[in-house]
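What follows is the residue order along each chain.
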Amino acid sequence: SQTIHQWPATLVQPVGSPLSLECTVEGTSNPNLYWYRQAAGRGLQLLFYSVGIGQISSEVPQNLSASRPQDRQFILSSKKLLLSDSGFYLCAYKPDRHNEKLFFGSGTQLSVL
Amino acid sequence: AQKVTQAQTEISVVEKEDVTLDCVYETRDTTYYLFWYKQPPSGELVFLIRRNSFDEQNEISGRYSWNFQKSTSSFNFTITASQVVDSAVYFCALESYNTDKLIFGTGTRLQVFP
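Notes on the structure follow. Remember, it's a predicted structure, so these values are computed and weren't measured experimentally. (Residues numbered from 1 in each chain as written. Chains lettered and ligands numbered in written order. Predicted model: local features only at pLDDT ≥ 70, side-chain atom pairs only at ≥ 80, totals over all residues. Heavy atoms only, no water.)

## So, the overall build of chain B
Definition in use: Every helix listed is a DSSP run of H or I at least four residues long, and every strand listed is a run of E at least two residues long, numbered separately from the N terminus. With the radius of gyration taken over C-alpha atoms, the globule rule is written as 2.2 Å times the number of residues to the power 0.38. A 1.4 Å probe rolled over the protein chains alone gives each residue an accessible area, and that area as a share of the maximum for its type sets the label: buried under 20%, exposed over 50%, partly exposed in between. Pairs of residues are marked as contacts when any of their non-hydrogen atoms sit within 4.5 Å. Surface accessibility follows the Shrake-Rupley procedure with a 1.4 Å probe radius. Residue values consider only the protein chains on display as shielding. Charged-residue counts in this description rest on Lys and Arg as positive and Asp and Glu as negative, His and the chain ends being excluded. A charged residue contributes its charge at one atom only: NZ of Lys, CZ of Arg, CG of Asp or CD of Glu.
Check the secondary structure of chain B and you find zero helices and 12 strands. Shown N-terminal to C-terminal, the secondary structure of chain B runs as helices and strands in the order β-β-β-β-β-β-β-β-β-β-β-β. A globule of 114 residues ought to have a C-alpha radius of gyration of about 13 Å, and chain B, at 14 Å, matches this closely. For chain B, the proportion of its 114 residues judged to be buried stands at 46%. Residue pairs in contact within chain B that sit at least 24 positions apart in sequence constitute 56% of those at least 6 positions apart. A total of about 5,600 Å² of accessible surface is found on chain B, and carbon and sulfur atoms cover 47% of it. In chain B, the 10 positive side-chain charges and the 14 negative ones have mean positions that sit 2 Å from each other.

## What to know about the pairing of strand E11 (residues 108-112) of chain A
Residues and elements named next belong to chain A. As a reminder, the rule being used: Criterion used throughout: strands pair if DSSP finds at least two bridges between them.
With burial as the criterion, only one face of E11 is covered, namely that bearing Thr108, Leu110 and Val112; the residues Gln109 and Ser111 on the opposite face remain uncovered. As paired strands, strand E9 (residues 87-94) and E11 are joined by three bridges and run antiparallel to one another. Residue Gly87 lies in a different strand from E11, and its bridge partner there is Leu110.

## Observations regarding the sheet that holds strand E1 (residues 3-7) of chain A
Residue and element names in this part refer to chain A. As a reminder of what qualifies: To define axes, lines are fitted to C-alpha atoms, for helices over the stretch in contact only, and angles between the resulting N-to-C directions are given on a 0 to 180 degree scale.
Strand order in the open sheet made by the four strands is E1-E3-E8-E7, with antiparallel pairing throughout. Each end of this open sheet is capped by a strand with a single partner; those strands are E1 and strand E7 (65-70). Taken pair by pair, the neighbouring strands of this sheet meet at an average axis angle of 20 degrees, ignoring direction. Note that E7 and strand E8 (residues 73-78) share four bridges and pair antiparallel. Across the sheet, residue Ser65 finds its bridge partner in E8, namely Ser77.

Just distances and angles here, no functional claims.
Below is the structure:
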């Protein structure tokens with residue numbers, strides 16, 4: 001069966017520190033992978049998506065970057081966190097492109113202080 | 001450009017009331033897909049429904065029903081006889097056939113009081 005793992009569940013980081021959030025998918029090959037951020041009043045904002053290894057599309061210019069070093073691994077990073085990076089980060093995947101529903105991870109609550 | 005608008009930020013109802021969550025979308029594509037997701041307090045998103053742009057039939061699933069109208073670019077969601085367990089944030093989303101990305105609205109927080 002297919003599953004998605006996202007960690008950590010919560011994270012408190014000081015301003016200026018680096019960030020690395022990891023997401024892995026099991027039970028499927030070559031999925032589409034996504035990072036979303038949920039900030040208060042802004043709903044779910046698509047940050048990055050990837051249709052294959054090394055292929056990253058960025059939706060919003062910001063302080064974050066994403067990488068896909070392996071087929072089922074998606075990493076969200078930052079070299080120096082800002083206060084505005086606080087939010088709830090969700091990883092998601094689609095087993096196959098085109099019109100399949102997204103399956104979401106359990107999310108990471110990031111607080112930058 | 002694609003856009004999803006959920007004008008209702010928060011709705012409060014008493015148990016057993018019917019409630020409709022509005023969703024209006026914008027797209028220039030002729031083939032697209034519309035979704036509703038539920039986000040309970042736990043935070044994880046739960047898929048509710050997917051509709052393609054060529055199927056305007058309304059759908060009913062238990063107490064849930066969806067009204068898709070292309071003429072008004074709307075995809076509204078109605079919960080009949082609401083229950084406390086329906087309390088959650090509900091998101092409407094849009095995906096065009098030629099893209100790989102799902103665009104969400106800002107969500108509607110539904111609170112159902114006993």
